[in-house]
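# Structure at a glance
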Amino acid sequence: MNITIFLLLLQITAIIFLAGWIVRSHVLFYYAGVFVSVLVFSFVLKKDEASVYKITWLIVILAFPPLGGIFYLVFGNKRPTKKIYAHMQEHALIAKILDRDGNLPVVSQAECGRMYGLLKYIRKESSYPAYVNTSAKYYSMGEPMFEDMLKEIAKARKFIFLETFIVRHGEMWDRLLAALEKKAAAGVEVRLIVDHLGSHKLFTREYLKELRGKNIHVLRFNPMLPILLMFMNNRDHRKILVVDGITAFTGGINIADEYINLKKPFGVWKDSGIRLKGDAAWSFTLMFIEMWDTFCGQDEVIKEHKVYLNHCSRATDGLIVPYGDTPLDGELLGENVYVDILSQAEKYVYIFTPYLIISEKLISALQLAAKRNVDVKIVTPAIPDKKLVFRLTRSYYRYLLEAGVRIYEYTPGFLHSKSVVCDDKIAVVGTINLDYRSLYLHFECAVLLYNSSAVADIKQDVLDTVAQSREVVQARERWRLGNELLDAVLHLFAPLM
């Protein structure tokens, strides 16, 4: 086990035993702990936060009254003030730049009908607008997307921005690194953001020094320090590649050999992604700069990166809306977009997700859509990458099957795609899983498509994948007390998993 993670676990264990010893040994400390728990309970109860996350912590506090409040103060408060302030300041700058961009289309209600309200909501809450001068290409597997990523990197003239959750040593990283090194040597600005939890094995201090020596600038997001930090629970789960502000990629594909099926630890790895060429790449450029500046503490000359206006084609492929979701603003943007699509669906909603661990709000939206005779299909993996999470995912099936939602498990292997398609007009492709970590705790990103040619490709991919999957027809295993108790415990702690 990595020494940093080991030290963190050791500290958690030490805090629990030390706190337990103190409250058992000293009556005054016991009552002080109870008093703190009462105060924290009251604070959490009135806090403007997702109810399912609050309920879990309220139960923990009630179950361990002398220690529960302390546990929450150490582990539960996921929004440090300094990080909020820095992020909000940087996002305010990005929002101003987007607001005064004269190249943005004026989206009318007549043009996009029932989607008008959703587009306005995304613009209001995230600042990211809809674009028209953009073409979109959908990828149903990681292999062709990776090859196109390499081709676009080879064309770079000004800058390459790459942000990802996982980077592991292997052929995929070796090929990508060789391409980045070549462009950096040619004077192209190369920046890389990696989440330290997802990439800690490779991105040691020595390796960072080696990359920086090759003129590849690297930011390790939220380093796993051997001291307990409340912000440790928030990870950068985004996957973004921007080349010259002209081309952008996103989707579920990390940088490790299983994502392009060079290794098959869980059978065939099915992922999805999307490439944007044109004006919409500008939003991903700013998304990356916002993250870089927030956590590097520097200010950008934004106009130096705005080169797409002079170089990109003016192809139009419907409305394209890139957007980012952050755990620091209190707005559940990713979940709300899905709920809105389900609420307005008329014919069908098809969903790819590797995990299905969802709130009552999303369960209700799925149930209601199915009860309105909307064809709701969800595809999950048949071969899990995490067995406990897989069991938790399956435990949610019963609520949906009884309402008429149809669920399929992808039998060739592990499905890692995160996409939604609706009524031949609307689709979302991005990094957002249908689980609490993606919807509440992580930094995420996605692309909303309306009347784009890529929507038909996404629908066809779902239908082709369903044909390779088995339909779930039984809501659960035969009733057994042990299974029911395990599922109950997993559901209790689902928001923290």
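Every chain's residues receive numbers from 1 upward, in the order its sequence appears when written. Per-residue local features of the predicted model are confined to residues with pLDDT of at least 70, and side-chain atom pairs are confined, for both listing and counting, to 80 or more; whole-chain, interface and lining totals are unaffected and use all residues. For side-chain calculations, the full set of non-hydrogen atoms in the structure is used, while hydrogens and water are omitted.

The description of two aromatic rings rests on the distance between their centres and on the angle between their planes. Classification of ring pairs rests on two measures: the distance between centres of Phe, Tyr or Trp rings, Trp counted by its six-membered ring, which must be within 6.5 Å, and the angle between planes, read as stacked under 30 degrees, edge-to-face over 60 and tilted in between. Overall, the coordinates contain 17 aromatic pairs when judged by the stated rule. With a centroid separation of 6.3 Å and 45° between ring planes, the pair formed by Tyr355 and Phe414 is classed as tilted. Placement of Tyr355 in the loop between β10 (348-352) and α15 (360-371) and of Phe414 in strand β13 (residues 413-415) is noted, with a sequence separation of 59 residues between them. The two residues Tyr355 and Phe414 agree in class, both being buried. One aromatic cluster in this structure is built from Tyr259, Phe266, Trp269, Tyr355 and Phe414. Whether a charge sits over a ring comes down to the Lys NZ or Arg CZ being within 6 Å of the ring centre and within 35 degrees of the ring normal. Over the ring of Trp292 we find Arg191; its NZ or CZ atom is 5.1 Å from the centre of that ring. For helices the rule is a DSSP run of H or I covering at least 4 residues; for strands it is a run of E covering at least 2, with both sets numbered from the N terminus onward. For each residue, the accessible area found with a 1.4 Å probe, counting protein chains only, is set against the maximum for its type, and the residue is called buried under 20%, exposed over 50%, and partly exposed in between.

The next point concerns the sheet that holds strand β1 (residues 134-139). Pairing between strands is defined by DSSP: at least two bridges between the two strands are required. The 7 strands are arranged β1-β8-β6-β5-β2-β3-β4 in an open sheet whose pairing can be described as mixed. Only two strands of the sheet have a single neighbouring strand rather than two, namely β1 and β4 (216-221). Looking at each pair of strands side by side, their axes are set apart by 10° on average, direction ignored. As judged from the 6 bridges shared by strand β3 (residues 189-195) and β4, these two strands associate in the parallel manner. Bridged to Asp195 within β4 is Phe221. Contact between two residues is taken to exist if any of their heavy atoms lie within 4.5 Å; hydrogens are not considered. Helix axes use the C-alpha atoms of the stretch in contact, all axes being lines fitted to C-alpha atoms, and the angles between their N-to-C directions lie in the range 0 to 180 degrees. Each of β2 (159-164), β3, β4, β5 (240-243), β6 (247-251) and β8 (273-278) touches helix α12 (residues 281-296); the most contacted strand, β4, lies at about 70° to it.

We now examine α12. Spanning 16 residues, α12 covers 22 Å between terminal C-alpha atoms, matching the ideal 22 Å at 1.5 Å per step. Burial runs high along α12: 15 of the 16 residues are buried. Positive phi shows up at Gly297, right after α12, with a value of about 70°. A helix's residues, less one, multiplied by 1.5 Å, set its expected span.

Another point: the pattern of salt bridges. For salt bridges, the criterion is a side-chain nitrogen of Lys or Arg within 4 Å of an Asp or Glu carboxyl oxygen. Counted according to the given criterion, the structure contains 21 salt bridges. Among the salt bridges present, the one from Lys361 reaches Glu335, with a minimum N-O distance of 3.4 Å. With Lys361 in helix α15 and Glu335 in helix α14 (residues 333-344), this pair connects stretches of sequence that are 26 residues apart. Residue Lys361 is classed as partly exposed on the basis of its relative accessible area, which comes to 37%. Overall, Glu335 belongs to the buried group, its relative accessible area being 1%. Bridged by salt links that share partners, the residues Lys137, Asp148, Lys151 and Arg275 form one connected network.

Running from amino to carboxyl end, helix α8 (residues 142-155) crosses helix α9 (residues 171-185) at an angle of 10°, the nearest separation of the two axes being 9 Å. Here α8 is positioned roughly parallel relative to α9, judged by the angle of their axes. Between α8, through Phe146, Glu147, Leu150, Ile153, Ala154 and Lys155, and α9, the contact on the second element is made entirely by Met172, Arg175, Leu176, Ala179, Leu180 and Lys183. Broken down by class, the residue content of the contact of α8 with α9 amounts to 8 nonpolar, no polar and 4 charged. Our angle categories are set so that under 35 degrees counts as roughly parallel, over 145 as roughly antiparallel, 65 to 115 as roughly perpendicular, and the remainder as oblique. Following the grouping adopted for this structure description, the nonpolar residues are Ala, Val, Leu, Ile, Met, Phe, Trp, Tyr, Cys and Pro, the charged ones are Asp, Glu, Lys and Arg, and the polar ones are all others, Gly among them.

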